[in-house]
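Below, each chain spelled out in residue letters.
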Amino acid sequence: MTRSMSGDEAAHDTRRARQWLAGRARGEGVHREQLIALGTAMGALAAATGEADPAPVPPSGRPGVPAIVKPLDPDLLTRYGANAEMRWEAMFGQGYVVPTDRFFVRNHTRTPLLDRDTWRLRLFGTGLRGTPTRDDPVEFGYDDLTAMAAEETTALLECAGNGRHHFAAQQGQPMPGVPWGLGAVGVARWRGVRLSTVLRHAGLTDAAVDVMPEGLDPDYVTGGVNLGRVRRPLPIAKALHDVLLAYEMNGRPLPVDHGFPVRLVVPGWIGISSIKWVGPVEVSATALFSPWNTQFYRMFGPGHPADGGPVTTQVVKSAFELPWDARLPAGVDVVLRGRSWSGNGPIRTVEISTDDRDGWRPATLDPRDEGSAWRRWTAVWRPPGPGRWTLRARATDVTGAGQPERAEPNTLGYLFDGIVRHPVTVT
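Here is what the cut-offs are and how they apply
The numbers attached to residues start from 1 for each chain and follow its sequence in the written order. In view of the model being predicted, local features appear only for residues whose pLDDT reaches at least 70, and side-chain atom pairs are presented and counted only at 80 or more, with totals across whole chains, interfaces and linings using the full set of residues. Only hydrogens and water are removed before side-chain values are computed, so all heavy atoms of the structure are retained for them. Helix numbering and strand numbering both begin at the N terminus, where a helix is a DSSP run of H or I of at least 4 residues and a strand a DSSP run of E of at least 2. For every residue, the accessible area (1.4 Å probe, protein chains only) is compared with the maximum for its type, and the residue is labelled buried under 20%, exposed over 50%, or partly exposed between those bounds. When checking whether two residues touch, look at their non-hydrogen atoms; a contact exists if any pair is within 4.5 Å. For every accessible area listed, the method is Shrake-Rupley and the probe measures 1.4 Å; residues are considered covered only by the protein chains on display. Remark: nonpolar core denotes a set of buried residues (Ala, Val, Leu, Ile, Met, Phe, Trp, Tyr, Cys) joined through side-chain atoms within 4.5 Å. The directions considered for the arc are those from the helix axis to the C-beta atoms. Patch membership requires over 30% relative accessible area and the absence of a salt bridge. Like charges are linked within 9 Å, and nonpolar side chains (Val, Leu, Ile, Met, Phe, Trp, Tyr) within 5 Å. Throughout this description, the term salt bridge denotes a Lys or Arg side-chain nitrogen within 4 Å of a carboxyl oxygen of Asp or Glu. In this tally, Asp and Glu contribute negative charge and Lys and Arg positive charge; neither His nor the terminal groups of the chain are included. Lysine's charge is taken at NZ, arginine's at CZ, aspartate's at CG and glutamate's at CD. Under this definition, polar contacts are N or O atom pairs within 3.5 Å; protein pairs additionally need one hydrogen-donor-capable and one acceptor-capable atom, and for neighbouring residues in sequence, both atoms have to be side-chain atoms. For two strands to pair, DSSP has to find at least two bridges joining them.

J.: Any chance you could explain the overall build of the protein here in plain terms?
T.: Each helix and strand counted, the protein has eight helices and 23 strands in total. Within the protein, buried positions represent 54% of all 427 residues. Taking the intrachain contacts of the protein between residues at least 6 apart in sequence as the baseline, contacts between residues at least 24 apart amount to 73%. Only carbon and sulfur atoms are counted for the fraction: they give 51% of the accessible area of the protein, which is about 17600 Å².

Below, the structure is given as structure tokens:
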């Protein structure tokens, strides 16, 4: 049973949280014990302000500069302020990767317009040889990165709140934040240089514990507190494993909304880890903290640890490449198409159901996608007659993780992995 906070309790926790956040904005330190003690306060603040995903700030003082630069065709994308999610029907008949024109956009403030020639990647901190400072960092320009050994990877990016809408729509549990359906996800081909390569060029030492990239988008301000630029630490083991500093997407230079000139790509981890428009990078011999791994992107609420429990890898999801409430013909075979994915590893099985009274039956998996970031699948269905029907799909990945009927709730509406009930009308 969920315990409701009184108004005084919520206000007290919110004040404590804001004081802590103000201290962090001034650069004051924090210990893990403080973080655990303030876990409930962080959740209270996020719930009170409605900012499970920090709310986008419209452009200010930049006449004529939109929050999102690329065209937003309503047949391809659904817009939520400075964010936009892919419409799943826009992937019908497409290939494995998501074309850039329909790739989702997640902005915490707005898309910045940066100059490639003056942009610099600036590394500093106690985890580098000589402990360079923020004011006197090790620097690399765009041409320096492109001169290093390049690597291309096909990776999936997904917002931690993808599917949040269904907490309310299916489970009667409204959550704060951007009301994503299932379209805050996409697979693209990324080309760049490994973060590990750059770290070693910068003088990485064995003492390094965390790496915290910082974006160059405008500062994020909430409740009168400036939390600074978006930043979130990565443990050194992940940073050295498969993280890419990408400067191309789908064979072309990064579009501005997707991180131009350089962004991180962190396969398997929630989207906030893949910092866009990366500039400063702190490499530390001690653990690092920011609002994006303490206040946001933690699993607060009943059944979760006192400090919220950090959100890192994504969960299993499945989606039909159909409009919501699609109209289908009765009495003829219909090929249902969809995709399933998981942050834990490749998808092993997918099942579909076309009626609550029917059982589950296996979908046909595309053999070309075996071992890949997501798996395309098909299933043939002959609707027996006109009326309203509910399609469902559920997947299991190679670790055995699957999709429950109901997702486990959390205060901020992250990691929805429940089976989505997709309505269709048969005529």
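J.: Help me understand unusual backbone geometry in this model?
T.: For residues other than glycine, phi is negative in most cases, and the peptide bonds are mostly trans. Backbone torsion omega between Phe260 and Pro261 reads 10 degrees, so that peptide bond is classified as cis. Looking at the secondary structure, you find Pro261 in the loop between strand E12 (252-253) and strand E13 (263-265). Residues other than glycine seldom take positive phi values, yet Thr131 does so here, at roughly 40 degrees. Among the structural elements, Thr131 can be located in the loop between strand E3 (120-124) and strand E4 (138-141). Of note in this structure, Asp325 is not a glycine but carries a positive phi near 60 degrees. Relative accessible area serves as the criterion here: at 33%, Asp325 is assigned to the partly exposed category.

J.: Looking at this structure, how should I read the nonpolar core?
T.: The tendency in soluble globular proteins is for nonpolar side chains to be buried side by side. Counting residues in hydrophobic clusters, the biggest one holds 46 residues, and the most contacted among them are Leu121, Leu123, Leu145, Val198, Leu245 and Tyr414. When contributions to this core are tallied by element, the ones reaching two or more residues are E3, helix H4 (142-147), helix H6 (195-202), helix H7 (236-239), strand E11 (244-249) and strand E14 (278-284). Sorting elements by how many residues they give to this core places H6 first, with four residues. Residues in contact with Leu121, not counting those within four places in the same chain, are Val138, Glu139, Phe140, Leu145, Val198, Leu245, Val278, Gly279 and Val281. Among the nonpolar cores identified, the runner-up in size contains 34 residues, and Val178, Ala188, Trp341 and Ala407 belong to it.

J.: Can you help me understand H6 in this one?
T.: Think of an α-helix as 3.6 residues a turn; residues three or four steps apart then line up on the same face. Three or more residues of H6 are buried, namely Leu195, Ser196, Val198, Leu199 and Ala202. With its buried residues spanning 160 degrees around the axis, H6 presents them on a single face. Exposed side of H6, more than 90 degrees from the buried face: Arg200 and His201 are the residues found there. Backbone geometry just downstream of H6 places Gly203 in the positive-phi region, at approximately 100 degrees.

J.: Explain a negative patch on the surface here, please?
T.: Side chains of Asp115, Asp117, Asp143 and Asp144 sit close together on the surface and give a patch of like negative charge. Locating Asp144 in the fold gives a position in helix H4.

J.: What am I meant to see in the environment of Asp333 here?
T.: Relative to the helices and strands, Asp333 is located in the loop between strand E16 (326-328) and strand E17 (334-341). The spacing of Asp333 and Pro384 is 51 residues in sequence and 9.9 Å in space, taken between C-alpha atoms. Beyond its immediate stretch of four places on either side in the chain, Asp333 contacts Val380, Trp381 and Arg382. In terms of polar contacts, Asp333 uses its side chain to reach the side chain of Arg382, at 3.0 Å.

J.: Sorry if this is basic, but what is going on with the sheet that holds strand E21 (residues 374-381) here?
T.: Pairing between sheet strands relies on hydrogen bonds along the backbone, with the strands arranged either parallel or antiparallel. Here four strands make up an open sheet; going across it, the order is E15-E17-E21-E20 and the pairing antiparallel. The open sheet is flanked by strand E15 (317-320) and strand E20 (364-365), the only strands paired with a single partner. Looking at chain direction, E15 and E17 are connected through four bridges and run antiparallel. Paired with Ser318 across the strands is Ser340, a residue of E17.

J.: Quick question: what am I supposed to make of the sheet that holds strand E23 (residues 422-426) here?
T.: The sheet built from five strands is open, its strands ordered E16-E23-E22-E18-E19 with mixed pairing. Both outer strands of the open sheet, E16 and strand E19 (361-362), are each paired with one neighbouring strand and no more.

J.: Help me understand the pattern of salt bridges, please; the structure alone is not making it clear to me.
T.: Two side chains with opposite charge may pair up if their charged atoms get near one another. Inspection of every chain in the model, using the stated rule, returns 18 salt bridges. Residues Asp325 and Arg388 are paired through a salt bridge, measuring 2.4 Å at the closest nitrogen-oxygen approach. One end of the pair, Asp325, is in the loop between E15 and E16; the other, Arg388, is in strand E22 (residues 387-397), with 63 residues separating them in the sequence. Among the ionic pairs, Asp333 bridges to Arg382, the shortest N-O distance being 3.0 Å. In this pair, Asp333 is assigned in the loop between E16 and E17 and Arg382 in the loop between E21 and E22, connecting sequence segments 49 residues apart. Asp333 gets classed as partly exposed once you look at its relative accessible area, which sits at 47%. Through salt bridges with shared partners, a single ionic network connects Asp366, Arg368, Asp369 and Arg376.

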